[in-house]
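# Secondary and tertiary structure notes
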Amino acid sequence: MFTQSFKKVLIFVPVLLTLACSTLTPKPTPSAADIEKEEQAVYSFFVGASTGPALILEETSSSIGGDTPQELKEQLGNSFKDISRETVESFAARNVESVQLSPDMDLGVEYVLLSHEELAEISSQPNWGELLTEKYPGSYGYTIFSRVGFNNTLDEAVIYVGNVAGPLMGSGDFFLMEKVNGEWLIKEQYMIWIS
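A brief structural summary. All of these numbers come straight from a predicted model, not from anything done at the bench. (Residues numbered from 1 in each chain as written. Predicted model: local features only at pLDDT ≥ 70, side-chain atom pairs only at ≥ 80, totals over all residues. Heavy atoms only, no water.)

Take the layout of surface pockets next. By volume, the largest pocket is sized at about 200 Å³. Around the largest pocket, the lining is made up of 17 residues, and of these F46, S50, A54, Y140 and T143 lie nearest the centre. Each residue belonging to the lining of the largest pocket can be placed in one class, and the counts come to eight nonpolar, nine polar and no charged. (1 Å grid on protein atoms, 1.4 Å probe; cavity = no way out; pocket = protein on both sides within 12 Å on 5 of 7 lines; lining within 4 Å. Points joined across faces, edges and corners; volume = space filled by probe spheres on them. Nonpolar A, V, L, I, M, F, W, Y, C, P; charged D, E, K, R; others polar.)

What follows is the structure, encoded as structure tokens:
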């Protein structure tokens, strides 16, 4: 009887130690290069079907969600039932300020980064949606991106995407994404505004 109990303990102790070590070991933080690559893959998901050049506002949007980082975190947590805390924290931290998007992104399609000046000049016209399409044939409005928030394993992401096609023709949404078999897919969507 003692031998059987001793054998069970010998089997149980290594399992217990493995579990304890795995919960105490910090998760690896992804490199900046890996994050940049995945961010471009998420952006590509939203512009990949463009028939002409994808028009993207040159700076990311940081004026999304609540007025404070805490309100933004609460909004994301309330909007998506399955979002991880890591992803929420990453999104809030990466969207404190707007950043200039790189003209060298690999999005798999031709794209143009619209400056605020060019957009202001075109959108000051009453038919500016048509003017934008005339200037960039095959395009349909422009896209506004936030930075992408990720979990540490880079298989969950959250992003804000705005699409504006003309006066009173647009919407802005949060998207919770998941990476399945190497591809980013929409898991959940939450609309913030529409016109």
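As a further point, take the environment of I194. Among the secondary structure elements, I194 is positioned in strand β7 (residues 183–194). Looking at I194, the relative accessible area reads 61%, which means it is exposed. Between the alpha carbons of I194 and G172 there is a distance of 6.5 Å; along the sequence they are 22 residues apart. Beyond its immediate stretch of four places on either side in the chain, I194 contacts G170 and S171. (Helix = DSSP H or I, 4+ residues; strand = E, 2+ residues; numbered from the N terminus. Buried < 20%, exposed > 50% of the residue type's maximum accessible area, 1.4 Å probe, protein only. Contact = heavy atoms within 4.5 Å.)

Under the counting rule described, the total for this entry stands at seven salt bridges. Between K73 and E89 there is a salt bridge, with the nearest N and O atoms lying 3.0 Å from each other. Here the residue K73 occupies a position in helix α3 (residues 69–79), and E89 occupies one in helix α4 (residues 85–94), the gap between them amounting to 16 residues. Residue R85 is joined to E89 by a salt bridge in which the shortest nitrogen-to-oxygen separation is 3.8 Å. Pair noted here: R85 and E89 are both in helix α4, with a separation of four residues, about one helical turn. Classification of E89 as partly exposed rests on a relative accessible area of 32%. One salt-bridge network, held together by shared partners, links E39, R94 and R147. (Salt bridge = Lys/Arg side-chain N within 4 Å of Asp/Glu carboxyl O.)

This paragraph deals with the environment of R147. Along the polypeptide, R147 turns up in the loop between β3 (142–145) and β4 (149–150). Sequence separation between R147 and L101 is 46 residues, and the spatial gap between their C-alpha atoms is 9.4 Å. Residue contacts for R147: discarding those within four places in its chain leaves E39, Y43, T60, F91, R94, N95, V99 and V158. Looking at R147, its side chain comes within polar contact range of the side chain of E39, at 3.2 Å. (Polar contact = N/O pair within 3.5 Å; in protein donor to acceptor, adjacent residues only side chain to side chain.)

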